[in-house]
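# Per-entry structural report
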Amino acid sequence: MTADRHYVLPDKAKQVEALLRQRQQEGIYDRVTDAEQLAQQLTDDVQRIGPDRHMMVGFSADPLPPDSKGGPRPETQADWERRNNFVMRQITYVMANPVDKVEHLDGNIGYLKISGFPPPFISGRRFAAAMDELAGTDGLIMDLRGHRGGNPEGVALLISYFVDQRTRLNDIWDRSTGTSQQHWSVDKLDGKRYGSKQPVLILVDPDTKSAGEEFVYTMQALKRGTVIGEHFLAFIPSRRAINPITGSNWEGAGVIPDIAAAPDKALGVAEDLLRRRLEEGGALAAAGQ
């Protein structure tokens, strides 16, 4: 089966195959006459093996183009559409506007709510506009609670605003090819670079998914952000992220917040912490330290 050949966790893939074959022999799928219902039934059965929100079955009435297999990254939306299947296109269109809110809080603290990571040709201008608006703040709270996930290149683009030089962010290992692709920060940005000095706090919750977890984990590994919220985790099919600093990722163990806080309390905790840090920093500067 395809899962057994490509899923990034081989042992889990064998369990999925065994369960699906058992259900097939029991005639469970023969009794389903609606394509959408069959896709949902298969997804539910797969999820019984492990809570992997990436591993799912979808249905399209139209023929699907083959998935992209390597080659140069798409640089335009038209090229990207040709190289991605119907399901991935629909997921990305839902996340077409990843910036939910940009605000200036009391104490010259910036607030940025992000809900997705579309490819850079979709997210680039929106991220640039947000970072231009936040460039003059003394500290930043990034809210990724309820983040829906997205594209690794979109993750790399936003992280690029928080580093001062070209930085290796992540490697993505693909089981189907046995190769790893390095992801680096972007040298030329359309918006103002926030840089590595001002403090950044990142809010998370158990619904922070996929590429949202990649962003949080990488910022944490770079010591570029303090994570506030609840412990959360996910699994990744077919491809696996390998952080060059930790040599691992969030798979199984999850992303562990630096400061635990209930989701509905996280913003208040972050504001209090960031104001104290800025006050302490100002006091040290005044004292010449």
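Here we come to the side chain of threonine 137. Relative to the assigned elements, threonine 137 resides in the loop between α6 (120-134) and β3 (139-143). Within polar-contact distance, the side chain of threonine 137 engages the side chain of tyrosine 194 at 2.8 Å. Aside from chain neighbours lying at most four places away, what touches threonine 137 is His104, Asn108, Ile109, Gly110, Tyr194 and Gln198.

A few words on unusual backbone geometry. Here the phi dihedral of asparagine 108 falls at roughly 55 degrees; this positive angle occurs in a residue that is not glycine. Positionally, asparagine 108 belongs in the loop between β1 (99-105) and β2 (109-114).

Moving on, we get to the pattern of salt bridges. Inspection of every chain in the model, using the stated rule, returns five salt bridges. Across the salt bridge formed by aspartate 143 and lysine 113, the nearest N and O atoms sit 3.7 Å from each other. Here aspartate 143, found in strand β3, pairs with lysine 113, found in strand β2; they are 30 residues apart in sequence, far enough to count as distant. Of the two residues, aspartate 143 and lysine 113, both sit in the buried class. Among the ionic pairs, aspartate 171 bridges to arginine 168, the shortest N-O distance being 2.4 Å. By sharing partners, the salt bridges in this structure join Lys113, Asp143 and Arg145 into a single network.

Moving on, we get to the side chain of serine 185. Relative to the helices and strands, serine 185 resides in the loop between β5 (179-184) and β6 (200-204). There is a polar contact of 2.8 Å between the side chain of serine 185 and the backbone nitrogen of threonine 167.

Let us now look at helix α7 (residues 152-160). For α7, a buried count of nine out of nine residues is recorded, marking the element as mostly surrounded by other parts of the structure. Every buried residue of α7 is listed here: Pro152, Glu153, Gly154, Val155, Ala156, Leu157, Leu158, Ile159 and Ser160. Where α7 begins, the capping side chain belongs to asparagine 151, and its oxygen is found 2.8 Å from the backbone nitrogen of glutamate 153.

What follows deals with the packing of α7 against helix α8 (residues 211-221). Interaxial distance between α7 and α8 falls to 9 Å at its minimum, and their mutual angle equals 35 degrees. The element α7 and its partner α8 pack so that their crossing is right-handed. The segment α7 lies against α8, with Pro152, Val155, Leu158 and Ile159 engaging Ala211, Glu214, Phe215, Thr218 and Met219. When its residues are assigned to classes, the contact of α7 with α8 shows seven nonpolar, one polar and one charged.

What follows covers the confidence of the model for the protein chain. Summarising the model, the protein chain shows a mean pLDDT of 79, and 68% of its residues fall at 70 or more. Considering each helix and strand of the protein chain separately, the mean pLDDT is smallest for helix α1 (residues 2-6), with a value of 49, and largest for β3, with 98.

Running from N to C, α6 and α7 point in directions that differ by 20 degrees, and their axes come no closer than 10 Å. Comparing their axes, α7 and α6 come out roughly parallel. Considering only the axes of α6 and α7, their crossing is right-handed. Contact residues: Pro120, Ser123, Gly124, Phe127 and Met131 in α6; Glu153, Gly154, Leu157 and Leu158 in α7.

About the thresholds
Residues numbered from 1 in each chain as written. Predicted model: local features only at pLDDT ≥ 70, side-chain atom pairs only at ≥ 80, totals over all residues. Heavy atoms only, no water. Helix = DSSP H or I, 4+ residues; strand = E, 2+ residues; numbered from the N terminus. Polar contact = N/O pair within 3.5 Å; in protein donor to acceptor, adjacent residues only side chain to side chain. Contact = heavy atoms within 4.5 Å. Salt bridge = Lys/Arg side-chain N within 4 Å of Asp/Glu carboxyl O. Buried < 20%, exposed > 50% of the residue type's maximum accessible area, 1.4 Å probe, protein only. Axes fitted to C-alpha atoms, helices over the stretch in contact; angles between N-to-C directions. Left-handed = near helix turned anticlockwise from the far one by under 90°. Nonpolar A, V, L, I, M, F, W, Y, C, P; charged D, E, K, R; others polar. pLDDT = per-residue confidence, 0-100. Parallel < 35°, antiparallel > 145°, perpendicular 65-115°, else oblique.

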